Each structure stands twice: as structure tokens, then as C-alpha cells.
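Here is how the chains run, residue by residue.
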Amino acid sequence: MPTSPPAQNPPIYVTEPYLPPLEEFQPYLEAIWQSRRLTNGGPFHQQFESALAEHLGVEHISLFANGTLALMTALQALRINGEVITTPYTFAATAHSLLWNNLKPVFVDIDPETCNLDPARIEEAITPATTAILPVHCYGTPCAVDRIQQIADAYGLKVIYDAAHAFGVRDPGGSILRHGDLSILSFHATKVFNTFEGGAIISPDARTKQRIDYLKNFGFADEVTVVAPGINGKMSELNAAFGLLQLKHIDAVLDRRRALVDCYRDALHGIPGIHPRQTAPGILDNAAYFPIWVEADYPLTRDQLYEHLRAAGFHGRRYFYPLISDLPMYRGLPSAMPERLPNARDRAQKVICLPLSPHLDSEQIMRITAVISAYKTR
Ligand SMILES: *Cc1c(COP(=O)(O)O)cnc(C)c1O
């Protein structure tokens, strides 16, 4: 068996944030210093909110300090209570937002092809206490939005999409963010579109957006009226200004990411036991992540390959492992029992997300895939 080449170049991490040239940000900083407006819905906040809505092709958007506060506020805005059906194959914040709202997560297994909530398993998880479904467009792959809406309509449930991975994803009808009652985005530094930290809620109408805007500002409707025990979820002018600048670059960034994904696909094609994520037909994908699944017919286990890649300087991540349902605060729930979640467990045990950032080039992708193909015959 060949040994891993020693790391000669600086390590390449699973994701590195896109940063525009520093001098492009200077005029924004000067404007903030001049206006002395630092937060509370200042001029950059307003500009970014409308520019973002237009870019995404949605009408009503509320900016947040981060995606987790957006998730928590979305659940508050719709007054969700009791039990919420969700996926175990996601980032911890999805389920944590339920616990912070005193809600009970009910985990339902995923479809192994999409890695999203399996709509065929949702109905059996509904009880009299169920009030909502919280699916995730995992890796930016759209959920079975029509099936999920049918179930929600039949049982009178709300649907809140955790769309933290789905910036810019479109289906034939338009933005993926138009589905469900609300969708939330994250603009964390690790996401395809970042404002250092940031997030948003997409609402279907102006009234819902208004209520969310109250909630993210302590519940203040005006100087003397407080309509709810709101939270401080506001995005600052600094983050909003940076978001405005990022919007100028995002199309080029996404094109670059898609080209790198094509390099990966070509280089990994036909390696037995290595299965890259497939994109669905008719979907404009955002190339947010490049997960591969290391199946039994590959000569190494997932963890062996993960370690070999690291030794060569390529820091992939096992997104999403461990499963959320295995974490101490969730594993006692009946829906968290391992035998109920076989597909999620299988994906979590086999996945590696390979490095993918707009700063990489095809030569670096080839060095990464060379480590993987080196083991294909032994
Ligand atoms: C990143 C992420 C979040 C949290 O967003 P933050 O902006 O980091 O708070 C929530 N859900 C998913 C699926 C994520 O990947």
C-alpha cells in the first residue's frame, strides 16, 4: 500500500472564506465613520436587505446577526410549540434552536440519495403534539418541498426550512427559499456567502416580516410599545456593508466553485467505492460542499482515508458526523434510537467533505484526488 506523501504545502482546509480585495471595503468603512450609524437598521442594513432580496429573487427578507438567532426567532414568530419533526443529519444548530425554544425534536430518517428528511417517514412521526416540520436543504440539495407541503397542509403543520446551505439555489420555479412558511439562511464565514457572521429569515409577506423585525429588536414596535419578549438578533452596519460588497462578487465565486466541483467529479469518476454527491436535475446548485461517501468496496475505511488526506495537508471534515441524535442532549429521545435512523447513520459513517473554496485551483484539486486514487488498487 502506498504511503501518503509528506505535506509540503500549507494545509488546505475544508472551507476558507471568500474575502474581496481589502481596498474595496475602505469606502464602506469611511461611510460608517461619517454617518456614525453602527447598527439598528442603518443605511447599509436597508440597502443590503433590498439588494439581497433582489439578488435571491424573494420579496421579504429580515437580516440577522447569525443563522442560529434567525432559526430561534423563526420558531418564535410562528409560535411553534410541542414537537417538531427534524433531521439528525445536519449541523447542531438546527436541533439546538428547538431546545432553546423549549420544543421537543422528533428525529426522522433521511433519504440516502438526497441526505434530506425522507418525506415517506414523516407521517408516522406525527403525534397530537406535533406543530411543525424543520427540514434542512442539506449541502444545498432541495428537500422534497411539494411532498412536505402536502403533509403539512393535511395535518395543519408549519414548515420552517433551515436553508443555511442553500444560498442562491434555484429550482425550475425560482428561489428554493420561497417554499414553506419561513426559510432561514446563514452567512457565517464557512458558508458560500459570508458577512463574517450573519443570517436571514425569508418571509412570505410583509406582515410576517414586520413581526420578525420586531422580534429581532427586543420586540419593540415603536419607542414605547413592546409586543413580545424579543431578542437582540440585529445585524450591524459593518456586517451589512460587507454583505453589500460580497454581493458584487458572489456570482463569480459561485461559478468558480462549480468549476472546481466539475474538476473533482472528473478526477474521481470511476474510482470504486468513492461516491460523490449527485446534484438533482433541473436545480441550479451552489456548490456549497463537496461530500464523498467512502463505501465498503474502497480499500480504506472512511476514517483511514480522512487521516491520510490530513497527513497530506488536506483537511476535509466529516460533515455530518456524529449525528445530532447521538449528542448527549438528544440521545435519550425515543426518536434518536440508532435503529430508527439507519440511512442517516450510514451516511454519517461514510462521509468526508473535501476542501472546496474559491481560492483553490484545479492543480490543488488534482493533488487531493491523487491521494484518494492512490489506494484504488493495492
Ligand atoms: C451554519 C449552520 C447553521 C447556523 O448558522 P450560524 O450562522 O453559524 O449561526 C444552522 N444550520 C445549518 C444546517 C448550518 O450549516
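Residues numbered from 1 in each chain as written. Predicted model: local features only at pLDDT ≥ 70, side-chain atom pairs only at ≥ 80, totals over all residues. Heavy atoms only, no water.

Moving on, we come to the environment of A296. Checked against the element boundaries, A296 lands in the loop between β14 (290–294) and α8 (302–311). Residue A296 is classed as exposed on the basis of its relative accessible area, which comes to 77%. Each C-alpha atom, one on A296 and one on V192, is 31 Å from the other, the two residues being 104 residues apart in sequence. (Helix = DSSP H or I, 4+ residues; strand = E, 2+ residues; numbered from the N terminus. Buried < 20%, exposed > 50% of the residue type's maximum accessible area, 1.4 Å probe, protein only.)

Across all of its chains, the model carries 17 salt bridges by this definition. Two residues, R347 and E295, come together in a salt bridge whose shortest N-O distance is 2.9 Å. Within this pair, whereas R347 is found in helix α9 (residues 342–350), its partner E295 is found in the loop between β14 and α8, the two being separated by 52 residues in sequence. Per residue, the accessibility class of R347 equals that of E295, and both read buried. Residue E363 pairs with R367 through a salt bridge whose shortest N-O separation is 3.4 Å. Here the residue E363 and the residue R367 both occupy positions in helix α10 (residues 362–373), the gap between them amounting to 4 residues, near one helical turn. We classify E363 as partly exposed; its relative accessible area is 45%. Assessed through its relative accessible area of 24%, R367 is described here as partly exposed. Each of E49, K209, D213 and K216 takes part in a single network of salt bridges with overlapping partners. (Salt bridge = Lys/Arg side-chain N within 4 Å of Asp/Glu carboxyl O.)

Before going further, it helps to examine the pairing of strand β2 (residues 60–64). The element β2 is extensively covered by neighbouring structure, given that 5 of its 5 residues are classed as buried. Alternating residues of β2 divide into H60, S62 and F64 and I61 and L63, and every residue in both groups is buried. For β2 and strand β10 (residues 199–203), the ladder comprises 5 bridges, and the chain directions are antiparallel. Residue pairing for β10: I61 is matched across the bridge by I202. (Pairing = 2+ DSSP bridges.)

Quick look at the site of the ligand now. Near the ligand lie 14 residues; those nearest to it are G67, T68, D162, S186 and K191. Note that an oxygen atom of the ligand is positioned 2.6 Å from one of the side-chain N or O atoms of T68. Take H165: an N or O atom from its side chain is 2.8 Å from an oxygen atom of the ligand. With the chains in place, 93% of the 380 Å² that the ligand exposes on its own is no longer accessible. Among the secondary structure elements, those contributing two or more residues to the shell around the ligand are α3 (67–77) and α4 (92–99). In terms of residue class, the shell around the ligand is built from 3 nonpolar, 9 polar and 2 charged. (Near = heavy atom within 4 Å. Polar contact = N/O pair within 3.5 Å; in protein donor to acceptor, adjacent residues only side chain to side chain. Areas by Shrake-Rupley, 256 points an atom, 1.4 Å probe, with all protein chains shown as cover. Nonpolar A, V, L, I, M, F, W, Y, C, P; charged D, E, K, R; others polar.)

A sheet is described by the order of its strands in space; here 3 strands give the open sequence β13-β14-β16, paired in antiparallel fashion. The open sheet has two free edges, formed respectively by β13 (274–276) and β16 (351–354), since each of these has just one partner strand. Each strand axis lies, on average, 30 degrees off the axis of its neighbour in the sheet, ignoring direction. As paired strands, β14 and β16 are joined by 4 bridges and run antiparallel to one another. Each residue of the ladder has a partner; that of F290, found in β16, is L354. Most of the contacts of α9 go to β16, to which it runs at about 50 degrees, and overall it touches β14 and β16. (Axes fitted to C-alpha atoms, helices over the stretch in contact; angles between N-to-C directions. Contact = heavy atoms within 4.5 Å.)

Inspection of helix α6 (residues 206–215) places T208, K209, I212, D213 and L215 among the buried residues, and these make up the whole buried set. For α6, the angular spread of buried residues about the axis comes to 160 degrees, placing them on one side. The inward-facing, buried residues of α6 contact α2 (43–56), β2, α3, β9 (182–186) and β10. Of the residues that open α6, the one with a side-chain oxygen 3.3 Å from the backbone nitrogen of R207 is D205. (Arc of directions from axis to C-beta.)

What follows concerns the packing of aromatic side chains. Taken as a whole and judged by the stated rule, the model has 19 aromatic pairs. The interplanar angle of 20 degrees and the centroid separation of 6.2 Å between the aromatic rings of F48 and F193 together place this pair among those described as stacked. Taken together, the residues F48 in helix α2 and F193 in the loop between β9 and β10 connect sequence positions 145 residues apart. With relative accessibility at 0%, the residue F48 sits in the buried group. With centroids separated by 6.4 Å and ring planes inclined at 80 degrees, the aromatic side chains of F218 and F220 adopt a geometry described as edge-to-face. Taking relative accessible area as the criterion, F218 reaches 37% and is therefore assigned partly exposed. We classify F220 as partly exposed; its relative accessible area is 36%. When the ring centre of F64 is taken as reference, the NZ or CZ atom of K216 above it lies at 5.6 Å. Sitting above the plane of the Y306 ring, R318 keeps its charged end 3.8 Å from the centroid. (Phe/Tyr/Trp six-rings, centres within 6.5 Å; stacked < 30°, edge-to-face > 60°. Lys NZ or Arg CZ within 6 Å of the ring centre and 35° of its normal.)

Here the focus is the environment of S62. One can find S62 in strand β2. Separated by 302 residues in the primary sequence, S62 and Q364 have C-alpha atoms spaced 38 Å apart. A polar contact is formed between the side chain of S62 and the side chain of D213, at a distance of 2.9 Å.

Within the secondary structure, T87 sits in the loop between β3 (83–86) and α4. At 3.0 Å, the side chain of T87 forms a polar contact with the backbone nitrogen of Y89. In this structure T87 touches F107, V108, I110, L117, L134 and V136, once residues within four positions along its chain are discounted.

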